Amino acid sequence: MANDVIRVQNVSKSFRVHSGKNMTLKDKILYAGRARYREFVALKDVSITIPKGSTTGLLGVNGSGKSTLLKLISRILYPDQGTIEVNGRVSSLLELGAGFHPDFTGVENIYLNGALLGLSKKEIKAKIDEIIDFSELGDFISEPIRNYSSGMYMRLAFSVAVAVDPDILLIDEILAVGDAAFQAKCLNHIKKLQQMNKTIVIVTHDTGIVERFCDTAVWLRDSRIAYIGEPEKCTQIYLDAVFRQAHEGNNMSFDRSEAPVAAEEKSPQTMESSPPSSRLIEKVSVSVAGFETDAVMAGDQATIAIQLNAFKEIKDTYLEIQLYNQQHRMVFETNSFKGHIKKIDVEPGMKKNVSIDFPNLTLEVGEYFINTRLVSNENEPVEFYEKSCSFQVIPNAKENGLMMIPHEWNETELVVE
Amino acid sequence: MIYRIKEVYLYRSMLWSLILSELRTRYRGSVLGFLWTFVNPLLMLIVYTLVFSLVMRIKLPHYSAFLFIGLLGWNMFAAAAQSSSSVVLRQASMVKKIYFPREILPLSVVGGSMFNYIFSLVILLPYLAVTGYFPSVIWLYLPLILLVETIMTAGFSLIFSAVNVYFRDLEHMLGIFIMAWFYVTPVVYPITMIPHKYAQLFKLNPVTDIIVSFQDVLYYHQPMQWKMFFYGTIFSIVLLVVGWQLFAKLSKRFAEEV
């Protein structure tokens, strides 16, 4: 395994966070000499080598530099210091649909997008049937894609991305968007690439994915590498640290910008140190019989409440919660859309409470935490609040086992002849 | 720079498809569609002919032909320079999401402009024939002039597109600047009309060399004035090298700044 395909050495990268739009001539003159930006250190002295054929997971809270590292590897960004060597064709699944032109037909966009991803015309021609088959778009393929639904758009984009035959695949939080079928397709594709001995780097919050797919896990904390090694060990250390921080109450320092990556790009203000009021999902809590608690008796009635604070308008969204157990396996997932709340809107400046009632919370005894996600109806992540709430399930004296199955004991006298 | 050129070559299919989409989307959705590529210069020709030969009454035989030759040459340069200044910002989503040699963006604009010029020859050459300027061997110099103009335009476009990312006023300043530039370039008047004492000053303008060469070959039916053309060629190559290096340096932070 001596041939490392990615070699990152002592790389540092910082960004200029402009405190305003001082891009015009007037501002340039007015503020000449005075820096109107702050330096934001995204990576500090990071070194890592990734051998060929391995799968590496990058863990870390947002703002810890995961995505920056990925962008540096894919050469979208350049390091301020240090060197990055990459040997092989890089493709990244963070570019789904980049460069699609709405006026072009599906087929034309396959050529266009394929060319953007570095495929030659010949390569695309050889694969075009395969791509169209994979996309399952049928006759729509010769329609301009502005007539596509967002699901069809994604399918087409993914089909092209799959057709690129990369040596190195970079995946950035892509698994967070899209429906279950789409995610399954993504994961299947990753497995196939692993069998083909491709090198894969995944950025994710999902420690489950890291444990199931990765050979090595890297934990980035505060722009530095905090741990490299066994995925299981790494996720354990990572989650312990995150939990400890959360319990000490100073969780603002790390989850202030817990918005998912896609949203981070759109709203750069998440980069600045922001007060808690800049979170749309203000609070997630568990209550029993109307009282907030962090302990629920197995099988009890319980309510999970999500308080939204619309410091800016919330429109056409739905909420999703994921319940994780101590082993970081997802136990349960539900969203408001499935729960027949077609959309959640909150006027700017207003607050809203969305709650989920569980008549009997039939969970195994143990500690649980909830990830909450606010997603637009176009499936674009709006905000992701990781470990938004944690609680204990305590045993009730009556039963034992992995879960509480609702049941009823009956007895009937049998008449004996 | 050799390395960068190699990168662009590797991504040639992307360059090509961007040029195509530039040409094809320009008139998408309009009734005449791609025909506009030809109708546009035709209408321009009519307007300028009316204004300058009926109203201004310039004493130059077949003035509209003279004007049209210069105008098409000028437009290729000016349209590309103006459009490329904002091309990186227009394609911000791509710049932030994918790696590709960033040079492709301004170069695709220049390429589109060049093809547009070639298409407009479909109107220009028949028109010249109609007005009595029959095709001659001299016209074979045309591709050479076009090549030099493309190199020069690429040089300017690389500089404008890179600088505009950091200094966004450039785009707006260029609008005025290019208009002024137009009037100090012998497009609407022959170079011989320039007063002698200013002639040296006018010769500093590199676009002059290109436009005059076009006029020499197409209108006067004589080869280019080699000294002048040579100066223009050297300037273009130097500009391209300098512009490319500046672009390479500035493009490193594009993804953060757009």
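The structure presented is a predicted model; accordingly, all values stated were derived computationally and were not measured.

Chemist: Please clarify how the overall build of chain A should be interpreted in this entry.
Modeler: Each helix and strand counted, chain A has 10 helices and 19 strands in total. Counting over 417 residues, chain A shows a buried share of 47%. Restricting to contacts in chain A with at least 6 residues of sequence separation, those with at least 24 account for 71%. For chain A, the accessible surface area stands at approximately 20800 Å², while carbon and sulfur atoms represent 51% of it.

Chemist: Is there a simple way to explain the pattern of salt bridges in this structure?
Modeler: If charged atoms from side chains of opposite charge come close, those side chains can pair. Inspection of the entire model under this criterion finds 16 salt bridges over all chains. One salt bridge in this structure joins Asp80 of chain A and Lys13 of chain A, with 3.6 Å as the shortest N-O distance. In this pair, Asp80 of chain A is assigned in the loop between helix 2 (66–73) and strand 4 (81–86) and Lys13 of chain A in strand 1 (residues 4–18), connecting sequence segments 67 residues apart. Through salt bridges with shared partners, a single ionic network connects Lys13 and Asp80 of chain A together with Arg253 and Glu256 of chain B.

Chemist: Is there a simple way to explain the sheet that holds strand 6 (residues 168–172) of chain A in this structure?
Modeler: Through backbone hydrogen bonds, the strands of a sheet pair up, either in parallel or in antiparallel fashion. Residues and elements named next belong to chain A. Across the sheet, which stays open at both edges, the six strands sit in the order 5-6-7-3-8-9 with mixed pairing between neighbours. Edge positions in the open sheet fall to strand 5 (90–92) and strand 9 (224–229), since each of these has one partner strand only. Adjacent strand axes in the sheet meet at a mean angle of 20°, parallel and antiparallel pairs treated alike. Against the sheet, helix 2 touches strand 3 (55–59), strand 6, strand 7 (199–203) and strand 8 (216–221), its axis set at about 150° to strand 6.

Chemist: What's the story with the environment of Val122 of chain B in this structure? I'm lost.
Modeler: Mapped onto the fold, Val122 of chain B is located in helix 7 (residues 104–130). Once the C-alpha coordinates of Val122 of chain B and Thr37 of chain B are considered, the two residues, 85 residues apart in sequence, prove to be 9.9 Å apart.

Chemist: Sorry, what's going on with the packing of helix 3 (residues 106–116) of chain A against helix 2 (residues 12–26) of chain B here?
Modeler: Two quantities define a packed helix pair, namely the angle between the helix axes and the distance between the axes. Put simply, helix 3 of chain A and helix 2 of chain B touch, their axes get as near as 8 Å, and they point 140° apart. With respect to their mutual orientation, helix 3 of chain A and helix 2 of chain B come out oblique. Seen from above, helix 3 of chain A lies across helix 2 of chain B with left-handed handedness. On helix 2 of chain B, the residues that touch Glu108, Leu112, Ala115 and Leu116 of chain A of helix 3 of chain A are Ser13, Met14, Ser17, Ser21 and Arg24 of chain B. Considered class by class, the residues forming the contact of helix 3 of chain A with helix 2 of chain B number four nonpolar, three polar and two charged.

Chemist: Which parts of the structure should I look at to understand the nonpolar core?
Modeler: If you look at the biggest cluster of nonpolar residues, it comprises 82 residues, and the most contacted ones within it are Met14 and Phe100 of chain B. Considering each element in turn, this core owes the most residues, eight residues, to helix 5 (residues 150–163) of chain A. When near neighbours in sequence (up to four residues on either side) are disregarded, Met14 of chain B contacts Ala115 and Leu116 of chain A together with Met94, Phe100 and Ile104 of chain B. The next biggest cluster of nonpolar side chains, apart from the first, holds 53 residues, and it includes Phe68, Leu124, Phe156 and Ile211 of chain B.

Chemist: Sorry if this is basic, but what is going on with the sheet that holds strand 17 (residues 351–358) of chain A here?
Modeler: Residue and element names in this part refer to chain A. In space, the four strands of this open sheet follow the order 11-10-13-17, with antiparallel pairing throughout. Each edge of the open sheet carries a strand with a single partner, namely strand 11 (291–293) and strand 17. Direction aside, neighbouring strands of the sheet carry axes that sit 40° apart on average. Summarising the sheet, strand 10 (residues 281–288) and strand 13 (residues 302–309) pair through six bridges and their orientation is antiparallel. Across the sheet, residue Val284 finds its bridge partner in strand 13, namely Ile306.

Chemist: Whenever I open this one, the pairing of strand 6 of chain A confuses me. Can you help?
Modeler: As a general feature of sheets, a regular strand has side chains that alternate between the two faces. Residues and elements named next belong to chain A. Summarising burial for strand 6: five of the five residues are buried, a large majority. Covered by surrounding structure in strand 6 are Ile168, Leu170 and Asp172 together with Leu169 and Ile171, the residues of both alternating faces. As paired elements, strand 5 and strand 6 share three bridges and run parallel to each other. The partner of Ser91 across the bridge, within strand 6, is Leu169. As defined by bridge partners, strand 6 adjoins strand 7 across five bridges and the pair is classed as parallel. Within strand 7, the position partnered with Leu170 by the bridge is Val201.

Chemist: For this particular structure, what's the right way to read the interface of chain A and chain B?
Modeler: For interface size, the figure often reported is the accessible area lost on association. Taken together, the 34 residues of chain A in the interface contact 27 residues of chain B. Approximately 2700 Å² of surface area, both sides summed, lies buried where chain A meets chain B, with 55% of it carried by carbon and sulfur atoms. For the pair chain A and chain B, the interface holds three salt bridges. Among the salt bridges present, the one from Lys13 of chain A reaches Glu256 of chain B, with a minimum N-O distance of 2.6 Å.

Chemist: When you look at unusual backbone geometry in this model, what are you seeing that I'm missing?
Modeler: Most peptide bonds adopt trans geometry, and most residues besides glycine take a negative phi value. All names here are of chain A. The phi angle at Arg75 is positive, at roughly 70°, despite the residue not being glycine. Within the fold, Arg75 resides in the loop between helix 2 and strand 4. Positive phi, close to 65°, is recorded for Asn197, a residue that is not glycine. Within the secondary structure, Asn197 sits in the loop between helix 6 (180–195) and strand 7. The class for Asn197 is partly exposed, based on a relative accessible area of 42%.

Chemist: Looking at this model, I keep getting lost on the packing of aromatic side chains. Mind explaining?
Modeler: The relation between two aromatic rings is expressed through the spacing of the ring centres and the mutual angle of the planes. All names here are of chain B. For the coordinates displayed, the defined rule picks out 31 aromatic pairs over all chains. With a centroid separation of 5.9 Å and an interplanar angle of 25°, the aromatic rings of Phe156 and Phe160 are classed as stacked. With Phe156 and Phe160 both in helix 8 (residues 142–166) and four residues apart, this pair spans about one turn of that helix. Cluster of aromatic residues (ring-pair linked, three or more members): Trp74, Phe77, Phe156, Phe160, Phe177, Trp181, Phe182, Tyr183, Tyr231 and Phe235.

Chemist: Mind showing me how you'd approach the pairing of strand 8 of chain A here?
Modeler: All names here are of chain A. With four bridges joining them, strand 3 and strand 8 adopt parallel strand pairing. Within the sheet, the bridge partner assigned to Gly57 lies in strand 8 and is Ala217. Pairing geometry for strand 8 and strand 9, over five bridges, is antiparallel. When the bridges of strand 9 are listed, Val218 appears paired with Ile228. In this antiparallel pair of consecutive strands, strand 8 and strand 9, the connection spans two residues, and Asp222 shows a positive phi of 50°.

Chemist: Which parts of the structure should I look at to understand the confidence of the model for chain B?
Modeler: Residues shown with low pLDDT carry predicted positions that ought not to be read at fine detail. When the pLDDT values of chain B are averaged, the result is 88; 98% of them are 70 or greater. Helix 3 (residues 36–55) of chain B is the least confidently modelled element of chain B, averaging 80 in pLDDT, while helix 8 of chain B averages 96, the highest of any element.

Chemist: Can you walk me through the environment of Val164 of chain A in this structure?
Modeler: All names here are of chain A. Examined against the element boundaries, Val164 turns out to sit in the loop between helix 5 and strand 6. Residue Val164 is classed as buried on the basis of its relative accessible area, which comes to 3%. For Val164 and Glu123, which are 41 residues apart along the polypeptide, the C-alpha to C-alpha distance reads 9.0 Å. Once residues within four sequence positions are removed from consideration, Val164 is found in contact with Arg89, Ser91, Leu117 and Leu119.

Chemist: For this particular structure, what's the right way to read helix 3 of chain A?
Modeler: An α-helical segment advances 3.6 residues per turn. Residues three or four places apart therefore align on the same side. Among the 11 residues that make up helix 3 of chain A, eight are buried, leaving the element largely enclosed by the rest of the structure. Taken together, the buried positions of helix 3 of chain A are Gly106, Asn109, Ile110, Leu112, Asn113, Gly114, Ala115 and Leu116 of chain A. Considering only its buried residues, helix 3 of chain A is in contact with helix 4 (121–135) and helix 5 of chain A together with helix 2 and helix 6 (92–97) of chain B. Downstream of helix 3 of chain A by one or two residues, Gly118 of chain A has phi in the positive range, about 90°.

How each quantity is defined
- Residues numbered from 1 in each chain as written.
- Chains lettered and ligands numbered in written order.
- Predicted model: local features only at pLDDT ≥ 70, side-chain atom pairs only at ≥ 80, totals over all residues.
- Heavy atoms only, no water.
- Helix = DSSP H or I, 4+ residues; strand = E, 2+ residues; numbered from the N terminus.
- Buried < 20%, exposed > 50% of the residue type's maximum accessible area, 1.4 Å probe, protein only.
- Contact = heavy atoms within 4.5 Å.
- Areas by Shrake-Rupley, 256 points an atom, 1.4 Å probe, with all protein chains shown as cover.
- Salt bridge = Lys/Arg side-chain N within 4 Å of Asp/Glu carboxyl O.
- Pairing = 2+ DSSP bridges.
- Axes fitted to C-alpha atoms, helices over the stretch in contact; angles between N-to-C directions.
- Parallel < 35°, antiparallel > 145°, perpendicular 65-115°, else oblique.
- Left-handed = near helix turned anticlockwise from the far one by under 90°.
- Nonpolar A, V, L, I, M, F, W, Y, C, P; charged D, E, K, R; others polar.
- Core = buried A, V, L, I, M, F, W, Y, C linked by side-chain atoms within 4.5 Å.
- Buried area = accessible area lost by both parts, 1.4 Å probe.
- Phe/Tyr/Trp six-rings, centres within 6.5 Å; stacked < 30°, edge-to-face > 60°.
- pLDDT = per-residue confidence, 0-100.

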